[in-house]
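Coordinate inspection notes
Here is what each chain is made of, one letter per residue.
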Amino acid sequence: MPNVKIFIDEAQYGAARDGLAAFLPDMRTSLCSSLSVGNEAFQLAIIPVLGLPDQPQINVELSLLERPDRTRAMVTEVAGQLREQIGLATGQSVAVRIAMLDPKTYVALK
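Here is a short report on the structure shown in this document. (Residues numbered from 1 in each chain as written. Predicted model: local features only at pLDDT ≥ 70, side-chain atom pairs only at ≥ 80, totals over all residues. Heavy atoms only, no water.)

Attention shifts here to helix 2 (residues 72–90). Relative to the 27 Å expected for 19 residues at 1.5 Å per residue, helix 2 spans 27 Å between its end C-alpha atoms, a close match to the ideal helical length. When helix 2 is considered as a whole, its buried residues turn out to be Met 74, Val 75, Val 78, Ala 79, Leu 82, Ile 86, Gly 87 and Thr 90. Looking at the buried residues of helix 2, the elements they touch are strand 1 (3–9), helix 1 (10–35), strand 3 (58–65) and strand 4 (94–101). Once helix 2 ends, the next one or two residues include Gly 91, with phi positive near 75°. (Helix = DSSP H or I, 4+ residues; strand = E, 2+ residues; numbered from the N terminus. Expected span 1.5 Å × (residues − 1). Buried < 20%, exposed > 50% of the residue type's maximum accessible area, 1.4 Å probe, protein only. Contact = heavy atoms within 4.5 Å.)

Packed helix pairs are specified by the crossing angle of their axes together with the interaxial distance, meaning the distance between the axes. Interaxial distance between helix 1 and helix 2 falls to 9 Å at its minimum, and their mutual angle equals 160°. Accordingly, the angle class assigned to the pair helix 1 and helix 2 is roughly antiparallel. Seen from above, helix 1 lies across helix 2 with right-handed handedness. Two secondary-structure elements touch here, helix 1 through Ala 16, Gly 19, Leu 20, Phe 23, Met 27, Ser 30, Leu 31, Ser 34 and Leu 35 and helix 2 through Met 74, Val 78, Gln 81, Leu 82, Gln 85, Ile 86, Ala 89 and Thr 90. Tallied by class, the residues present in the contact of helix 1 with helix 2 amount to 11 nonpolar, 6 polar and no charged. (Axes fitted to C-alpha atoms, helices over the stretch in contact; angles between N-to-C directions. Parallel < 35°, antiparallel > 145°, perpendicular 65-115°, else oblique. Left-handed = near helix turned anticlockwise from the far one by under 90°. Nonpolar A, V, L, I, M, F, W, Y, C, P; charged D, E, K, R; others polar.)

What the rule picks out here adds up to 2 salt bridges. Put simply, Asp 18 and Arg 17 hold a salt bridge, and the shortest N to O gap is 3.7 Å. Here Arg 67 ties to Asp 69 by a salt bridge, and the two come within 3.1 Å at their closest N and O atoms. By relative accessible area, which is 29% here, Arg 67 ends up partly exposed. For Asp 69, a relative accessible area of 40% gives the class partly exposed. (Salt bridge = Lys/Arg side-chain N within 4 Å of Asp/Glu carboxyl O.)

As structure tokens, then:
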């Protein structure tokens with residue numbers, strides 16, 4: 001159930017939008033492969049925000065259900081790849097944060 005929210009500073013949104021939009025299908029494929037989930041489990045949103053100029057202009061937040069194969073090292077590697085790929089696609093500085101959720105307490109209604 002990867003849930004990805006990409007927050008882009010509204011001042012950079014116009015310049016980053018096309019590159020990021022073109023990258024989204026590849027990003028989903030890569031994350032689904034790395035995290036061993038199907039496309040149907042993937043949720044993605046791109047959200048323009050008002051931010052400060054001295055912080056990364058793109059902030060990616062990824063929520064995942066905990067699983068034994070999702071070690072800290074593996075998740076850190078996924079975060080690094082995601083930061084690099086989105087940075088290349090947009091030309092912006094990118095921060096990535098990943099939160100692991102407890103599958104016993106997580107609820108999703110679709």
